[in-house]
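Understanding the architecture of this molecule
In case you want the letters, here they are:
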Amino acid sequence: EPKIRLDHVSKVYPGTDTPAVSELTLDIDPGEILVLVGPSGCGKSTTLRLINRMIEPTGGRIYLDGDDVTDVNPDQLRRRIGYVIQQIGLFPHQTIAENVATVPKMLKWEKKKISARVDELLDMVGLDPRVYGGRYPKELSGGQAQRVGVARALGADPSIMLMDEPFGAIDPITRESLQNEFLRLQDELRKTIVFVTHDIDEAIKMGDRIAILGKQSVVHQADTPERILAYPVDD
Ligand code: ADP
Ligand code: ADP
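The structure reproduced in this document is the subject of the present report.

Calculation criteria
- Residues numbered from 1 in each chain as written.
- Chains lettered and ligands numbered in written order.
- Predicted model: local features only at pLDDT ≥ 70, side-chain atom pairs only at ≥ 80, totals over all residues.
- Heavy atoms only, no water.
- Pairing = 2+ DSSP bridges.
- Helix = DSSP H or I, 4+ residues; strand = E, 2+ residues; numbered from the N terminus.
- Contact = heavy atoms within 4.5 Å.
- Axes fitted to C-alpha atoms, helices over the stretch in contact; angles between N-to-C directions.
- Near = heavy atom within 4 Å.
- Polar contact = N/O pair within 3.5 Å; in protein donor to acceptor, adjacent residues only side chain to side chain.
- Areas by Shrake-Rupley, 256 points an atom, 1.4 Å probe, with all protein chains shown as cover.
- Nonpolar A, V, L, I, M, F, W, Y, C, P; charged D, E, K, R; others polar.
- Buried < 20%, exposed > 50% of the residue type's maximum accessible area, 1.4 Å probe, protein only.
- 1 Å grid on protein atoms, 1.4 Å probe; cavity = no way out; pocket = protein on both sides within 12 Å on 5 of 7 lines; lining within 4 Å.
- Points joined across faces, edges and corners; volume = space filled by probe spheres on them.
- Expected span 1.5 Å × (residues − 1).
- Salt bridge = Lys/Arg side-chain N within 4 Å of Asp/Glu carboxyl O.

**Structural notes on the sheet that holds strand β1 (residues 4–11)**
Neighbouring strands of a sheet are bound in pairs by backbone hydrogen bonds; such pairs are parallel or else antiparallel. One open sheet accounts for 4 strands, arranged β2-β1-β4-β5; its pairing is antiparallel. Looking at which strands have only one partner, the edges of the open sheet turn out to be β2 (21–28) and β5 (67–68). Note that strand β4 (residues 59–64) and β5 share 2 bridges and pair antiparallel. Looking at β5, one finds that Y63 is bridged to D68. Contacting β1, β2 and β4, helix α1 (residues 44–51) runs over the sheet at an angle of about 120° to β1.

**Digging into the site of ligand 2**
As a structural note, the neighbourhood of ligand 2 is formed by Y13, A20, P39, S40, G41, C42, G43, K44, S45, T46 and R49. C42 is positioned such that a nitrogen or oxygen atom in its backbone is 3.2 Å from an oxygen atom of ligand 2. Here ligand 2 has 560 Å² of accessible area as a free molecule, and 57% of this is covered by the chains. Looking at the shell around ligand 2 residue by residue, the class counts come to 4 nonpolar, 5 polar and 2 charged.

**Overview of the pairing of strand β8 (residues 192–196)**
Most of β8 is tucked away, with 5 of its 5 residues classed as buried. Burial along β8 is two-sided: the face carrying T192, V194 and V196 and the face carrying I193 and F195 are both buried. Here strand β3 (residues 33–37) pairs with β8 via 4 bridges, running parallel. If you follow I33 over to β8, its bridge partner there is I193. Both strand β7 (residues 160–164) and β8 contribute to a ladder of 5 bridges, which runs parallel.

**Here we look at the pairing of β3**
Buried residues dominate β3, accounting for 5 of its 5 residues. Residues I33, V35 and V37 point to one face of β3 and L34 and L36 to the other, with burial holding for every one of them. For β3 and strand β9 (residues 209–213), the ladder comprises 4 bridges, and the chain directions are parallel. Bridge pairing in β9 links V35 to I210.

**Concerning the layout of surface pockets**
Size it by volume and the largest pocket reaches roughly 520 Å³. Every residue lining the largest pocket is counted, 19 residues in all, and those nearest its centre are N52, R78, I81, Y83 and V103. Secondary structure elements with two or more residues in the lining of the largest pocket: β6 (81–85), α3 (102–106) and α6 (142–153). Looking at which element gives the most residues to the lining of the largest pocket, the answer is β6, with 5 residues. Tallied by class, residues from the lining of the largest pocket come to 11 nonpolar, 5 polar and 3 charged.

**Things to note about α6**
For α6, spanning 12 residues, the distance from its first C-alpha to its last is 17 Å, which sits close to the expected 16 Å at 1.5 Å a residue. Across the 12 residues that make up α6, a large majority, 10, are buried. What α6 keeps buried is the set G143, A145, Q146, R147, V148, G149, V150, A151, R152 and A153. Looking at the buried side of α6, the elements it contacts are β6, α2 (96–100), α3, α4 (111–124), β7 and α7 (172–189).

**Description of the pattern of salt bridges**
A full pass over the atoms with the stated rule returns 14 salt bridges. Where K3 meets D65, a salt bridge forms, and the shortest distance between an N and an O atom there is 2.9 Å. With K3 in the segment before β1 and D65 in the loop between β4 and β5, this pair connects stretches of sequence that are 62 residues apart. For D65, a relative accessible area of 30% gives the class partly exposed.

**A short note on the environment of F91**
Note that F91 resides in the loop between β6 and α2. Between the C-alpha atoms of F91 and Y136, which are 45 residues apart in sequence, the distance is 8.8 Å. Ignoring sequence-local partners within four residues, the contact set of F91 consists of N99, T102, P137 and R152.

The values reported here are purely geometric and, on their own, carry no functional implication.
Quick look at the structure:
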């Protein structure tokens, strides 16, 4: 059974006539990294926001573990789905530890359990909790902040991670180590990941499978840079 199933999913934003996503059908298997590529505006970010139900589809059905979640309250998905975006979006007035505690706090875990989890998460992404836990987001480098973004998304140990150009704003050298460390972490965690990127090299490196989203939400599969670039994007 696929972990995530999109069945003819469409999204037309209010006040627009062209669908941002049109009849998209895609299965994502448990434990795989599915990389979603395609030109700007083809609906990659919209697809992620549909999966975690930040936005509602205007057509089609979405299934997680075989459950139809098309109409569920998105709050119910917070525990199951982690979300990492390019502009991390850490809360500036909260410490790193408080930021990482966001989801466990929302789920009303007890204090002791939350603080143990925060330490574990920061360790996982290579930040010493004793050094960084009490700092504020503006005191971190971009790469460190992005690590915190990953730690926060892993808060309640979701089985699904949605990552929207997570390393896109990071300098190339730091990006390389974040990619490597993330792949090592994934070896242990075996999350089901949908990873959006513009960077073909990153797609090849990170993806177990690559899906190319075109203007009509047509999905092609590809496994080499040549094949990715061979698909017409305006069809
Ligand atoms: P941006 O969204 O940053 O403004 P573009 O929409 O122009 O940039 O996207 C350019 C990127 O899209 C290129 O770096 C290239 O890697 C990628 N790209 C171009 N053609 C394809 C394709 N057919 N399939 C997947 N990715 C593509
Ligand atoms: P991508 O991530 O592939 O660049 P997006 O999912 O961000 O594409 O956008 C797909 C299309 O939907 C684009 O034409 C974009 O302008 C439009 N769009 C995205 N968000 C909104 C919104 N909140 N309201 C209206 N149109 C939107």
